[in-house]
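The chain contents come next:
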Amino acid sequence: MTAPEQHGHTAEHAAHAAQSAFPPFDPTYFASQLFWLAITFAVLYLLLSKWVLPRIGSAIEERRDRIADDLDAAASMKSQADEAVRNYEQALAEARTKAHGLAAEAKAQVDAKITEETAEVDAKLDAQASDAEARIQEAKDKALAEVDAIAAETAIAISAQLTQLDVAEADAQKAVAKAKQGA
Amino acid sequence: MIEAAGQPVEGLDVADATNPIKQFEIHPVFNFDLNGIDLSFTNSSYFMVLSAVLVTGLLWMAMGRAALVPGRAQSVAEMLYEFVAGMIRSTTGNEGLRFFPLVFTLFTFILMGNMLGMFPYFPAPGFHGFTFTSHIIVTFALAMIVILTVMGFGIYKHGLKFFSFLFPAGVPWPLYVLLTPIELISFISRPITLGVRLFANMLAGHILLKVFAGFVVMLGAAGGGLAIAGILPFAMAVALTSLEFLVAFLQAYVFAVLTCIYLNDALHPGH
């Protein structure tokens, strides 16, 4: 224990002996308490108001700003995403209509080509067919004309064999024509 | 104290241990005289300085990194900040926030003083705890800080209109004969009630604690069956200790809330 402390205690004991007051109402140290209260309170007030509280306040403020900023950023990003989705859907719809158009156009082109080629081939085939028919008709006619001559010759030959008659060629031809009419 | 020479140490110990008033005694640590006025640094001063140091130091350490995502200590510091700010906002509105440092200082200083007083023994001069808020001169001075701030700001801001609270509106004037003295008395009694409430709560609580703790010592000293019966006051002292923690917080809170309410009168006079 230091000397001033001991001195203080003896002084305090003397005061108590003199007054024997209830300590909270003992005015001996009223001045001292007020003095030290004023100093500590003033210092604490200055330290808190100039130093500690602004620091806490700015930390809270910074966080609040940051959260608000983040929320704003999130909202703007969301609107951007929404816009991107809208653009994508629009592009998709456009592409779809364009594709439909292209497909229809290609189909029409192909159809037209098919029709054209079909018509061409048909015409060619028709021409070949009619040509063939003509040739067949010609051959038929030729053959038929020859049949008459053969029939007449055959008739002459038969009659010569059977009857030894020498039938004139003109007569034979006449008979064949007559037989053909009768038939 | 031990060094009180000439007295038997043992007898002094028992008397000290059971004396509920002893804890309020003020001892000088360093003598300091100014023009004959005793301004000694006492154990009371020690706890005041310690409160201020702890409030500043703990808050500063808690805000050490001032992280965007707060840790535990920073959360507590910010909760305390928001708690006091919310208290002011709810009683006076946003314009009361100009008194935020004052209310915060009052609240934390009183709270720390009350809480330090809950230590029965403490690394302090004389090794015993002390509650500086259990001295009426301290609580009254704190109350006067509030009332002088209210009056000073009220008159500065509203001039003589500040005193319109003495003449409530919408009352027939002959009633002022009755109402004005009542309003005046209620205004003058504010610093007294504000100071006495805190003082009386801390004083009574600590006396009660010491009385029950003293019973434990006395019954223990009696020995035998009585020593076993000492469990009862011991349990009571434990229960009272938790109650006193509540009171320590509550009285700091009440002081701060009443400060806000009185400041509201200065901000918005005439109710």
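Residues numbered from 1 in each chain as written. Chains lettered and ligands numbered in written order. Predicted model: local features only at pLDDT ≥ 70, side-chain atom pairs only at ≥ 80, totals over all residues.

Student: Looking at this structure, how should I read the overall build of chain B?
Tutor: Broken down by element type, chain B carries eight helices and four strands. Going from N to C terminus, chain B has its helices and strands arranged as α-β-β-β-β-α-α-α-α-α-α-α. For chain B, the spread of C-alpha atoms along the three principal axes comes to 70 × 55 × 45 Å. A total of 271 residues make up chain B; the buried ones form 36% of that total. Contacts in chain B between residues far apart in sequence, at least 24 positions, make up 64% of those at least 6 positions apart. (Helix = DSSP H or I, 4+ residues; strand = E, 2+ residues; numbered from the N terminus. Buried ≥ 20, exposed ≤ 12 C-beta atoms within 10 Å, placed from the backbone. Contact = placed C-beta atoms within 7 Å.)

Student: Could you clarify how one ought to interpret the overall build of chain A in this entry?
Tutor: Summing up its helical and strand segments, chain A has three helices and zero strands in all. Going from N to C terminus, chain A has its helices and strands arranged as α-α-α. When each of the 183 residues of chain A is scored for burial, the buried share is 10%.

Student: Quick question: what am I supposed to make of the packing of helix α2 (residues 43-62) of chain B against helix α3 (residues 72-92) of chain B here?
Tutor: Between two packed helices, both the angle of their axes relative to each other and the distance between the axes serve to describe the pair. Residue and element names in this part refer to chain B. Where α2 contacts α3, the axes come no closer than 8 Å and their chain directions differ by 120°. Between α2 and α3, the angle falls in the class oblique. Seen from above, α2 lies across α3 with left-handed handedness. Contacts between α2 and α3 involve L59, M61 and A62 on the former and, on the latter, A73, Q74, V76 and A77. (Axes fitted to C-alpha atoms, helices over the stretch in contact; angles between N-to-C directions. Parallel < 35°, antiparallel > 145°, perpendicular 65-115°, else oblique. Left-handed = near helix turned anticlockwise from the far one by under 90°.)

Student: Would you take a moment to explain the interface of chain A and chain B for this structure?
Tutor: Where interface size is quoted, it is often the accessible area lost as the parts come together. Opposite the 40 residues of chain A that make contact, chain B presents 44 residues. Among the elements of the structure, α1 (3-19) and α2 (30-163) of chain A are those that each provide at least two residues to the side of chain A that touches chain B. Residue contributions to the side of chain A that touches chain B peak at 26 residues, all from α2(A). Of the residues contributing to the side of chain A that touches chain B, the split by class is 24 nonpolar, ten polar and six charged. (Nonpolar A, V, L, I, M, F, W, Y, C, P; charged D, E, K, R; others polar.)

Student: Help me understand the packing of α2(B) against helix α4 (residues 100-116) of chain B, please; the structure alone is not making it clear to me.
Tutor: All names here are of chain B. The geometry of α2 relative to α4 is characterised by a closest axis approach of 9 Å and an angle of 120° between their N-to-C directions. The angle between α2 and α4 falls in the class oblique. α4 is crossed by α2, and the crossing has right-handed handedness. Residues F47, L50, S51, A52, L54 and V55 of α2 touch α4, and the partners they reach there are T108, F109, M112, G113 and L116. Its residues assigned to classes, the contact of α2 with α4 shows eight nonpolar, three polar and no charged.

Student: Would you explain helix α5 (residues 136-158) of chain B in this entry?
Tutor: Counting along an α-helix, one turn takes 3.6 residues, and residues three or four places apart therefore face a common direction. With 23 residues, α5(B) ought to run about 33 Å at 1.5 Å a step, and its terminal C-alpha atoms sit 32 Å apart, in line with that. Turning to α5(B), its buried residues number three or more, namely I136(B), I137(B), V138(B), T139(B), L142(B), A143(B), I145(B), V146(B), V150(B) and G154(B). Lining the buried residues of α5(B) we find α2 of chain A together with α4, α6 (176-222) and α8 (231-267) of chain B. Where α5(B) terminates, the next one or two residues include G159(B), which has phi positive at roughly 60°. (Expected span 1.5 Å × (residues − 1).)

Student: It is not clear to me how helix α3 (residues 169-182) of chain A should be interpreted in this structure. Could you clarify?
Tutor: For α3(A), which comprises 14 residues, the first-to-last C-alpha distance of 20 Å matches the rise-based estimate of 20 Å (1.5 Å per residue) to within 8%. Where burial is concerned, little of α3(A) is hidden: one out of the 14 residues are buried.

Student: What exactly am I supposed to notice about the nonpolar core here?
Tutor: If you look at soluble globular proteins, the nonpolar side chains tend to sit buried side by side. The biggest cluster of nonpolar side chains holds 60 residues, and the ones touching the most others in it are V84(B), V103(B), L106(B), F107(B), F109(B), I110(B) and A256(B). Looking at this core, the elements with two or more residues in it are α2 of chain A together with α2, α3, α4, α5, α6 and α8 of chain B. Apart from the residues within four sequence positions on either side, V103(B) is in contact with V84(B), I88(B), A256(B), T259(B) and C260(B). Residues F212(B), V216(B), L219(B) and A237(B) belong to the second largest nonpolar core, which totals seven residues. (Core = buried A, V, L, I, M, F, W, Y, C linked by C-beta atoms within 7 Å.)

Student: Where do I start with the environment of L102(A) in this structure?
Tutor: Along the polypeptide, L102(A) turns up in helix α2. Placed 62 residues apart in sequence, L102(A) and T40(A) show a C-alpha to C-alpha distance of 89 Å.

Student: Quick question: what am I supposed to make of the confidence of the model for chain A here?
Tutor: Parts of the model with low pLDDT should not have their predicted coordinates read in detail. Residue and element names in this part refer to chain A. Per-residue pLDDT for chain A averages 85, and the proportion of residues at 70 or more is 89%. Mean pLDDT values for the elements of chain A range from 46 in α1 up to 92 in α2. Segment residues 1-19 is flagged for pLDDT under 50; beyond a separation of four residues in sequence, or across chains, it makes 19 contacts in the model. (pLDDT = per-residue confidence, 0-100.)

Student: How should I be thinking about the confidence of the model for chain B in this particular structure?
Tutor: Residue and element names in this part refer to chain B. Chain-level statistics for chain B give a pLDDT mean of 89 and a share of 93% at 70 or above. Mean pLDDT across the secondary structure elements of chain B bottoms out at helix α1 (residues 9-18), with 57, and peaks at α4, with 97. A low-confidence stretch, residues 1-12 stays under pLDDT 50, and its non-local contacts, those more than four residues away or across chains, total eight contacts. Note on the complex model: pTM 0.73, ipTM 0.89.

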